[in-house]
Amino acid sequence: QLRLVESGGGLVQAGGSLRLSCAASGRTFSTYAMGWFRQAPGKEREFVATIRRSGGSTYYANSVKGRFTISRDNAKNTVSLQMNSLKPEDTAVYYCAASRAGLDLPRQANNYDYWGQGTQVTVSS
């Protein structure tokens, strides 16, 4: 079992930055690949970024590549998403998720087993 709690969302102007954090409970955090997803009103949940269990590799959706950075600290059981150059279309509820499937960089939501409650990010134009 893994419990995930996101924080760091808020309201920011276009071009600004936010840093989301996700704290995980449990002793086996380092055995999970971690990911961030987002869901805008009226849209399906979409993949944003993922990071390998060791933290050595990452993968991003094209829409955020070069602007967002995912990182993790296995000693502190946390995963973060640094979001720069934010755009109004980044407005969504952001979720962190944990995958125990053994995949290196899972990008499908159905590969993830545990989800946080989400944190709202709103980017004004």
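Preceding this paragraph is the structure being described.
All values reported here derive from a predicted model rather than from experimental measurement.

Rules and cut-offs
- Residues numbered from 1 in each chain as written.
- Predicted model: local features only at pLDDT ≥ 70, side-chain atom pairs only at ≥ 80, totals over all residues.
- Heavy atoms only, no water.
- Disulfide = S-S within 2.5 Å.
- Helix = DSSP H or I, 4+ residues; strand = E, 2+ residues; numbered from the N terminus.
- Buried < 20%, exposed > 50% of the residue type's maximum accessible area, 1.4 Å probe, protein only.
- Pairing = 2+ DSSP bridges.
- Axes fitted to C-alpha atoms, helices over the stretch in contact; angles between N-to-C directions.
- Contact = heavy atoms within 4.5 Å.
- Core = buried A, V, L, I, M, F, W, Y, C linked by side-chain atoms within 4.5 Å.
- Polar contact = N/O pair within 3.5 Å; in protein donor to acceptor, adjacent residues only side chain to side chain.
- Phe/Tyr/Trp six-rings, centres within 6.5 Å; stacked < 30°, edge-to-face > 60°.
- Lys NZ or Arg CZ within 6 Å of the ring centre and 35° of its normal.

J.: Can you help me understand the state of the cysteines in this one?
T.: Put plainly, two cysteines are in a disulfide when a covalent bond ties their sulfur atoms together. Tallied over the full model, the rule gives one disulfide. The disulfide bridge from Cys22 ends at Cys96, spanning 1.9 Å between sulfur atoms. Placement of the pair is Cys22 in strand β3 (residues 18–24) and Cys96 in strand β9 (residues 92–99), with a sequence separation of 74 residues. A residue is classified by how much of its surface remains accessible, and Cys96, at 0% relative accessible area, is buried.

J.: I would appreciate a short explanation of the pairing of β3 in the present structure.
T.: The alternating pattern of β3 places Leu18, Leu20, Cys22 and Ala24 on a buried face and Arg19, Ser21 and Ala23 on a face that is not buried. Judged from the four bridges that link them, strand β1 (residues 4–7) and β3 form a sheet pairing that is antiparallel. The residue of β3 that forms the bridge with Leu4 is Ala24. Pairing between β3 and strand β8 (residues 78–83): six bridges, direction antiparallel. Within the sheet, the bridge partner assigned to Leu18 lies in β8 and is Met83.

J.: Any chance you could explain the sheet that holds β1 here in plain terms?
T.: One key point about sheets: their strands pair by backbone hydrogen bonds, in either a parallel or an antiparallel sense. The strand order across the open sheet formed by four strands is β1-β3-β8-β7, and the pairing between neighbours is antiparallel. Unpaired on one side and paired on the other, β1 and β7 (68–73) mark the two borders of the sheet. Shown here is a sheet whose adjacent strand axes are inclined to one another by a mean of 15°, direction ignored.

J.: Honestly, the environment of Ser125 in this entry has me stumped. Any pointers?
T.: Residue placement: Ser125 occurs in the segment after β11 (119–124). Each C-alpha atom of the pair Ser125 and Leu86 lies 9.8 Å from the other, and the pair is 39 residues apart in sequence. If near-sequence neighbours (up to four positions away) are discounted, Ser125 is found in contact with Ala14 and Pro88.

J.: Help me understand unusual backbone geometry, please; the structure alone is not making it clear to me.
T.: A negative phi angle is the norm for most residues apart from glycine, just as the trans form is the norm for most peptide bonds. For Asn77, which is not a glycine, the phi torsion comes out positive at approximately 55°. Tracing the sequence through the fold places Asn77 in the loop between β7 and β8.

J.: What is the right way to read the nonpolar core from this model?
T.: Nonpolar side chains tend to gather and get buried jointly when the protein is soluble and globular. By size, the foremost hydrophobic cluster in this structure holds 35 residues, and its most contacted members are Leu4, Trp36, Val79, Leu81, Met83 and Tyr94. Ranked by residue count, the leading element in this core is β9, at five residues.

J.: Hey, could you run me through the side chain of Asp90 in this one?
T.: Positionally, Asp90 belongs in the loop between β8 and β9. Here Arg38 takes part through its side chain, which lies 2.9 Å from a polar atom of the side chain of Asp90. At a separation of 2.8 Å, a polar atom in the side chain of Asp90 contacts the side chain of Arg67. With sequence-adjacent residues up to four places away left out, Asp90 is seen in contact with Arg38, Arg67, Phe68, Ser85, Val121 and Val123.

J.: I would appreciate a short explanation of the packing of aromatic side chains in the present structure.
T.: In this description, a pair of aromatic rings is defined by centroid distance and the angle of the planes. Under the defined criterion, the tally for this structure stands at six aromatic pairs. In this structure an aromatic cluster arises from ring pairing among Phe37, Phe47, Tyr59, Tyr112 and Trp115. The ring of Tyr95 carries Arg45 above its face, with NZ or CZ at 3.9 Å from the centroid. Lying across the ring of Trp115, Arg45 places its NZ or CZ 4.7 Å from the centre.

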